[in-house]
Structure formats: C-alpha cells, structure tokens
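Overview (structure and organization)
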Amino acid sequence: MSGVDEHSGETREDAPEAAPTAGPAIGKDEWVARHGERRAARAGRLGVVEARLRAAPWWAWLTLFTGLVALMPVGVESGYWRRVSFDTALLVLLALGLNVVVGWGGLLDLGYVAFYGVGAFAYAFLASDKYDLHLSTILVIPAVVVVGAVAGFLIGLPSRRLLGDYLAIVTLFFLQIFLTVTTNGDNLFGHNVTNGPNGILNVDPFSFAGHDLPVAHGGVFNVAYVYVALGIFVLVYVALRLVNQSRTGRAWRSLREDPLAAEVMGMPVNWLKLMSFAFGAAVAALTGTLFAAVNADVFNLSFSFPLLITVYTAVILGGSGSQAGVVLGAMLIWPLQERLREPADSRVLFYAFVLLGLLAVFRLSLRLALVIGGLLAFGFAAHAVAQAIDPAWVAGVGEGPGRAGDWASHWVVVPTHLAAWMPPVTYILLIASVLVLTLLRGWVRLVLLVPVLYLAAFVWESVMLAQPEPTRYIVLGALLVALMVIRPNGLLGEKRVEIV
Amino acid sequence: MDTFIQLTVNGLTLGSVYALIALGYTLVYGILKLLNFAHGDVFMVGSFIGFGTLQALGGATDPVLPVWLLLVTVTAAAMAGCALLGVAIERFAYRPLRDAPRIAPLISALGVSFFLANSMQLLFGARQRDYDIFSLSNGVLYLKGIDIGNVKVPLLRIIVIAAAFVLMVVLWLLVTRTRTGKAMRATSFDREAAAMMGIDIDRVIVFTFVLGSALAGAAGVMYALRVPTSASIGFLVGLKGFTAAVIGGIGSIPGAMAGGLALGFAEAYTQGYVSTRWSDLVVFSVLILFMLFRPQGLLGKPDIRKV
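Residues numbered from 1 in each chain as written. Chains lettered and ligands numbered in written order. Predicted model: local features only at pLDDT ≥ 70, side-chain atom pairs only at ≥ 80, totals over all residues. Heavy atoms only, no water.

**Re the overall build of chain A**
Regarding its fold elements, chain A presents 21 helices and eight strands. When contacts within chain A are restricted to residue pairs at least 6 apart in sequence, long-range pairs at least 24 apart make up 71% of them. Accessible area for chain A stands at about 24000 Å²; split by element, carbon and sulfur atoms hold 68% of it. (Helix = DSSP H or I, 4+ residues; strand = E, 2+ residues; numbered from the N terminus. Contact = heavy atoms within 4.5 Å. Areas by Shrake-Rupley, 256 points an atom, 1.4 Å probe, with all protein chains shown as cover.)

**Re the pairing of strand E1 (residues 145-148) of chain B**
Residue and element names in this part refer to chain B. Pairing of E1 with strand E2 (residues 151-154), which is carried by four bridges, proceeds in the antiparallel orientation. Residue pairing across strands places Asp147 opposite Lys152, the latter belonging to E2. Between the antiparallel neighbours E1 and E2 lie two residues, among them Gly149 with a positive phi of about 65°. (Pairing = 2+ DSSP bridges.)

**Points about a nonpolar patch on the surface**
Residues and elements named next belong to chain A. On the surface, a cluster of nonpolar side chains totalling about 490 Å² of accessible area is made up of Val49, Leu53, Trp61, Leu64 and Leu68. Elements represented by at least two residues in the nonpolar patch include exactly helix H4 (44-55) and helix H5 (58-75). Top contributing element to the nonpolar patch by residue count: H5, with three residues. Position of Val49 relative to the elements: it lies in helix H4. (Patch = residues over 30% accessible without salt bridge, like charges linked within 9 Å, V, L, I, M, F, W, Y side chains within 5 Å. Salt bridge = Lys/Arg side-chain N within 4 Å of Asp/Glu carboxyl O.)

**Quick look at the interface of chain A and chain B**
On the chain B side, the residues contacting the 51 residues of chain A number 45 residues. Here chain A and chain B share an interface that buries about 4700 Å² over both sides, 80% of which is from carbon and sulfur atoms. On the chain A side of the interface with chain B, the three residues burying the most area are Asp165, Tyr166 and Phe173 of chain A, jointly 15% of the side's total. In this assembly, chain A and chain B are joined by zero salt bridges. Here chain A is connected to chain B by two residue pairs in polar contact (both at pLDDT 80 or more). (Buried area = accessible area lost by both parts, 1.4 Å probe. Polar contact = N/O pair within 3.5 Å; in protein donor to acceptor, adjacent residues only side chain to side chain.)

**Points about the confidence of the model for chain B**
All names here are of chain B. Scored by pLDDT, chain B comes out at a mean of 88, with 98% of its residues at no less than 70. Averaged pLDDT values over the elements of chain B bottom out at 72 in helix H5 (residues 140-143) and peak at 94 in helix H9 (residues 201-226). For this predicted complex, the interface confidence comes out at an ipTM of 0.90, alongside a pTM of 0.89. (pLDDT = per-residue confidence, 0-100.)

**A few points about unusual backbone geometry**
Residues other than glycine seldom take positive phi values, yet Ala296 of chain A does so here, at roughly 65°. Looking at the secondary structure, you find Ala296 of chain A in the loop between helix H13 (269-295) and helix H14 (305-318). On the basis of relative accessibility, which here comes to 22%, the residue Ala296 of chain A falls in the partly exposed class. If you check the backbone angles, Lys33 of chain B has positive phi at about 55° while not being a glycine. With respect to the helices and strands, Lys33 of chain B occurs in the loop between helix H1 (2-32) and helix H2 (39-56). A residue is classified by how much of its surface remains accessible, and Lys33 of chain B, at 38% relative accessible area, is partly exposed. (Buried < 20%, exposed > 50% of the residue type's maximum accessible area, 1.4 Å probe, protein only.)

**Examining the side chain of Ser113 of chain B**
All names here are of chain B. Here Ser113 lies in helix H4 (residues 103-124). At 2.6 Å, the side chain of Ser113 forms a polar contact with the side chain of Asp41. When residues no more than four places from it in sequence are discounted, the contact partners of Ser113 are Phe37, Ala38 and Asp41.

**Section: H1 of chain B**
Residue and element names in this part refer to chain B. Taking 1.5 Å as the rise per residue, H1 with 31 residues should run 45 Å; its terminal C-alpha atoms sit 44 Å apart, in good agreement. In terms of burial, H1 is largely enclosed, as 25 of its 31 residues are buried. In the segment just after H1, Lys33 is the residue with positive phi, at about 55°. (Expected span 1.5 Å × (residues − 1).)

**A few points about the side chain of Thr471 of chain A**
By secondary structure assignment, the location of Thr471 of chain A is in helix H21 (residues 468-486). A polar contact is formed between the side chain of Thr471 of chain A and the backbone oxygen of Gln467 of chain A, at a distance of 2.7 Å. Filtering out sequence-adjacent residues up to four positions away, Thr471 of chain A remains in contact with Trp460 and Met464 of chain A together with Leu122 of chain B.

**So, the pattern of salt bridges**
Counting across every chain of the model gives eleven salt bridges over all chains. Of the charged contacts, one joins Arg339 of chain A and Asp345 of chain A as a salt bridge, the two residues approaching to 2.1 Å between their closest N and O atoms. Judged by relative accessible area, which is 18%, Arg339 of chain A ranks as buried. Residues participating in the shared-partner salt-bridge network are Glu90, Arg95, Arg98 and Asp202 of chain B.

**Comments concerning the packing of aromatic side chains**
As enumerated under the stated definition, the model contains 33 aromatic pairs over all chains in all. For the pair Phe221 of chain A and Tyr225 of chain A, a centre-to-centre distance of 6.3 Å together with 35° between the ring planes defines the contact as tilted. With respect to burial, Phe221 of chain A and Tyr225 of chain A carry one shared label: buried. Ring geometry for Phe43 of chain B versus Tyr223 of chain B: centroids 5.4 Å apart, planes at 70°, classification edge-to-face. Note that Phe43 of chain B is positioned in helix H2 and Tyr223 of chain B in helix H9, a separation of 180 residues in sequence. Taken as a pair, Phe43 of chain B and Tyr223 of chain B share a single burial class, namely buried. Of the aromatic side chains, those joined through ring pairs into one cluster are Tyr116, Phe121, Phe125, Phe178, Phe291 and Phe303 of chain A. (Phe/Tyr/Trp six-rings, centres within 6.5 Å; stacked < 30°, edge-to-face > 60°.)

**Here we look at the confidence of the model for chain A**
As a general rule, the predicted coordinates of low-pLDDT regions are not to be interpreted in detail. Residues and elements named next belong to chain A. Per-residue pLDDT for chain A has a mean of 82; in total, 86% of the residues score no lower than 70. Averaged pLDDT values for the elements of chain A fall to 42 in strand E1 (residues 3-4) and rise to 94 in H14. In the predicted structure, residues 1-20 sits below a pLDDT of 50 and forms 23 contacts with residues beyond four places in sequence or in another chain.

**With respect to the packing of helix H6 (residues 79-104) of chain A against helix H15 (residues 323-339) of chain A**
All names here are of chain A. Where H6 meets H15, the closest approach of the two axes is 8 Å, and the angle between their N-to-C directions is 140°. Comparing the axis directions of H6 and H15 gives the class oblique. Regarding H6 and H15, the two cross each other, and that crossing is right-handed. Contacts between H6 and H15 involve Tyr80, Trp81, Val84, Asp87, Thr88, Leu91, Val92, Ala95, Leu96, Asn99 and Trp104 from the former and Gln323, Val326, Val327, Ala330, Met331, Ile333, Trp334, Pro335, Glu338 and Arg339 from the latter. (Axes fitted to C-alpha atoms, helices over the stretch in contact; angles between N-to-C directions. Parallel < 35°, antiparallel > 145°, perpendicular 65-115°, else oblique. Left-handed = near helix turned anticlockwise from the far one by under 90°.)

See below:
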C-alpha cells in the first residue's frame, strides 16, 4: 500500500521492505507494512532460496511451467500418461475456477461441479447427434463459456442474502437438483432432454476450421489434446491473474476479508459475489467442453460429490487464494488418485508418504533414526513371530506385489485369509490410535508411534489395498480434514489473519 | 381417502426420522453455528451398528431376546455407538477449528462426511443390509396393527412414531428442565458470556454432540427397520434432515420437530400424488424457496447481526 509521506509529500512504494528494520512509519498502516515480515518464515539458506524464488515474476514461472509441460510428451510416449496429464489439466482448470469463488471471493460453493456438468452437457447439445447440431469448436466454446457464466450468475442470485453456511447448503442443493433433473431428464414433461442416466453419447471431438481433432490415433491418446488443454490453461491462468490484479480483484479481497466493512466502504458486495460465481462457473463450463470432447460420452453421474471433494482437496492442499498453489495442488492430487487405483503403486505411495511424513515431522535428527530403526526392528520381529506361530499368517502378499511388495512381504504381516472381524476391528483401532497419538506428547508419543505405524502398514496392505475405490476417497477425506486442522493455508496459500 | 391416510402415516414415519436427524443439526448449529455435514453419515453408522447388534443377538430370524427387548437393545447400542462417534468427530475435527474462519469447520465437516461414508464402504461393502424385520417373530410387527378406516397401520410404524416422539419429549425435557440444558441454551445464546459465568464450554459442546449423535443413531435404526440400509444413504438422508432443520428454523428445537414432520409429509404426498422420481426435487426446491423467502424457517427468529 503506497502512501504519501507526510513530511516530504512523495509517495513511497517500497514500504514492505523498509518497514521491518525502520519500525512503523508515519502515515503507513503498520499491519500491512509488516506483511513481508510475517511472510518470511525460514532463516538460513533455505530462506534465501525461498525469498529469491518468490521474487521471480509470475509470468516467468508460468513460462517455465508451460515449457516443461510442452516438452513432456517428447519424453513420455505412453498413451496412458498422456491421458493422465490431460485429466490432470482438467482438474487444474477446475481448481483455478474454484479458487476464484472460494479463494478470492470467500464463498463456499458446494455446487461447483454442477457448472462443470452444465458445460459438458451444453457442449454435448451443440456438437453431437442429440439435436443434430455439429457446430465448429470455435463457436461452441465461447457459447458454452457464456452459458456457464449465466448459470453461475443465476445460481449466485440466492447468494445475495445468504451467509456462508447457508450459501454452501443452497449451492449443494443446486448440485443435487442438477443431478436429479439430468437423471430424470429423459422424461421432462414428455421431452427427452438429457437422456437420463444413459447420458449423451458420441459427442464430437474438437474441430478447428473443419478438421476434426480425433481423440485417439489407433488406440493411443492424441497428444494434441494435451496441448489444447495446456493452451486453454495458459489463457485461463493469465486471464484470471489479470482480473485479480485489477480493481475487481482488490474488491474481492476486501469482500473476503470483511464483507461488512467492504459494504460500508461502498463495494458493490452483491455484484462482486455474482461476478465471482460467474467467473468460476465460466471456467468450469470451459473445462466441461474439454471433458465432453475427449470422453465422447457425457454421463451426469460423473459430476457428483466425490469429484467435488477432489477439487476442494486440490484447492485446499495447494492453498486457496493462490493460483500457483491450486495448480500445484491439482497436479499432486490427480496423479495420486490415479496411482491409488493400482495396488502395486498404492503400496509404494503409502511407504513413501510415511517416510516423507516422518521426515517432515522429525527433520533429519536422532529421533527420526530412532523411529525408523524401531519401526524396522519391530516389523521384522513381529513378522518373524507371526511366521513362527502360523505361516499362513504372513503368506498373503496383498494384491499385486511389485518390488516394494517383495521387500514388504518380509516386514509386514499380511495373512492369507482375514477373519471377518479383523478388517473393521483393526481399522477402527488404527483410527482411534492415530487420534489418541495426536493427544500425546513427548517420548510416549515417540514410542507409541512405532506400533501405530506398523498397524497402519498392516491395515493398508491387508484391508485397504484390496479395495482401491473407497481407499482413494478415504485418503482424500482424511487429507482434507488433516489439512484444515493442521495447515489450512495449504502449500502456497497465505496464512490469513482473521480480524475480529 | 385411503390413499390419503396411508400417505399421512407414511409421512408421519418419514417425518419422525427426519425430525430426529434435524434435531441433531439444530442442536449443533445452535451452539457452534456450524452445519455438521457429517451428521448424515453418523446416522448411517447408527443404522450399521444396529444391524451389527441385531446380527449379534441372533438376527431377526432367531433372536435370543423377546421382540421389544431386542428393539430396545439395538436402538440403545446404536445410540451409544453414535454418541461416541459424535464426540470423537467433535474432538478431532471441529474443536481445533473453533476459532478459525467459519469456512474451515465446514470444509472439515465435508471431509469427515466423505471419510466416514467411504470407510463404511471399505469395511462393510457397498451392498445393502436388511434388518429383515418381517421375519421377526413371524412378522408380528407387520401383521398386527391398528386400523384407521380401511388402512391397516402396522405395529412397526406405530412403534417407530411413538419411539421418535418419546425421544423428542425426552430431549425437550433435558434442554428445558435440567441445568445442563440451561447451560446449553446459555452457550448457544452467547458463548463468551456463558464461559464467564463459569459454564464449561467444552463439556457443554461435547454433551450437545452426544445428544445430537445419539438421536441420529436412533433415527438410523428406525430408518433401517423399514428400508434396507447401505453405506451411501448418509448423504441423501442427511441432506433431507438438514432441510427439515432449516425449514423449521435452525437453532430452534420445536422448529426441527415441526420441520421434520412437514418435510416427511411433503415427501410422502409427492411420492403418492405426483411421482417417486420427483420427490427429491420437491424436497430440495422447498429448501431453496424457504432460503429465499423465509430464511428463518417456520419457527425461527430472523437473525439480526449486531455490528
């Protein structure tokens, strides 16, 4: 915030750097002035590196990122991974859009994926056999974006009078209405509008200037779509960035920090809320077109609660309010969810996560060595004891061994056959002990960490790997709760100070 | 006329279940100003605990206890289990966020809800669990009943409605006639002042969650007595219970009861007279209409914020 120096009448714009050493300056807001100080967290070399990285301009990061992603298909030739990167791009776009509503506007929109669905269905209406319209993509995409913005505007209309919790509920109910209407859409007053649960099939792929962009070449995902997605991502990122740096963005920030004060200061609060809804919905609708074009079949149940939670976790993990953060969050969450479908990779992910977690908590210290050493010793001992009692207790290796599985099969106890009572009992025991562990302190916690981690490995291998589908979502739900309790500002978000 | 009576009885049964769930939402909102999204999944866990207890006691086909004692035990087990679950959720997911911006516990509640639903699916699979009450004692609960006009109301429904009513009365007495109830009302009115008057806020909040979750557990059993339960019902039924709470006036206990019954009737009549496909839509639209035109609900007071 630049202010006028009362003595010399000049404007000073470098206050945040000057303030920490010079103390509060006359004519400046001290709290704002100490913003940089609050941000600077780490001392030493890491702090210097972080400061340098943060000082780089945002478009430099964007260019670097785009360049890296554009080069990626050169190295990665697997159609599967190209498809995964495309899907990650979809989640990135969704996260960017949600960031506008939640991070910048401060509005909890729980119906966000309905706009995604609206965009996909709108594209399907305009470019498929449903109504025999096969419009060119150049026309369809802007049309769908406008439709999305209008939908966001309309659904934001009830938000004018509602506070945070109620808004969340109303938006959630709009999502439910969307799902119900599209499910029963094959009989809306006698008209088949959305084909009900069967969805709209054979949606056109993108076509530019009359040339179709096929989704797959001989079964391999067409890498051109990754580039299309990347291009759209750059467009959306830059556009939203410019909006955020404009006076609309400043108004959003004031609305988010204190709606009442913003209103008193003359901000058009209702209009701002509607605009954030509209922008978020427009981005979601745009992503919907990509989704529809690539998937070729649009089913309304793709746009339901689990996807909503996924987008929210991506936004919260990355840091709501920070565009780069939500991009990072989405890029972490989607591949994670993908790899959790495969038991061999889930196993590796679990152990990697445990190791990273221990590293993050204990840093490189004696305690870390003690815990890891104790864990290994405990594991091998328990395995040996179990094997001695009954070899069938350790013979089951879980699903899909892989290299990690071979190693782990000597460490973790995985019975060939679990008694019916074992999964629920051990699972609940694990949850309870993890929760109790958060209440303990000191060496008791350290000592109990070892058996709890071993129990976690046991539950993961024996119970959770066998069912990837609920396990993926359990990981998401637990991650969301843990994030909100431990670090609500996520990876790159800013710690917000609530002014009471 | 017969259809009307049948639908009214349906509405009463549905409404009692929704009222119990709505009471849980209302109690927690009154104290913490938090919409407990996980409440619907606590309801679902209650129905599963009831199922497990029923199976442990021999199942509906071969129970070791007489019918009435069986039902009481199953309900009590579900209530106790859910109370414990509610306390755990409050302690670990909501208490750390008590002073955070209001969006934070909401998102945490979403995470807990998602976690619970998928955990139950992991542990018990996605298939439905049927209490199979029809087999209990040769279907006595279905065959015996009272007749209103030409409509036979089975004993089971009467038990459900009566039990729900009894629980609501007990709750009402607890909140209005006991000291702890007075502490709850004081805390919901002004938390800081209550703390200054020597009320242990943490204990009051825990007690609130115990009450609300126990009611959800009872509702879970009552729901599952008639309809097979599965791991995914928590979300939808929770939404409806929440609608009932808001329609009645969130924060108001008689409002929750009234809202629950009103919603039950609305759903029953829509299912009977219009179509089962659109009953959900009607329920959701009712909420949105209330939010737009009467946000304080039927029995609530308009929320005036002091600046």
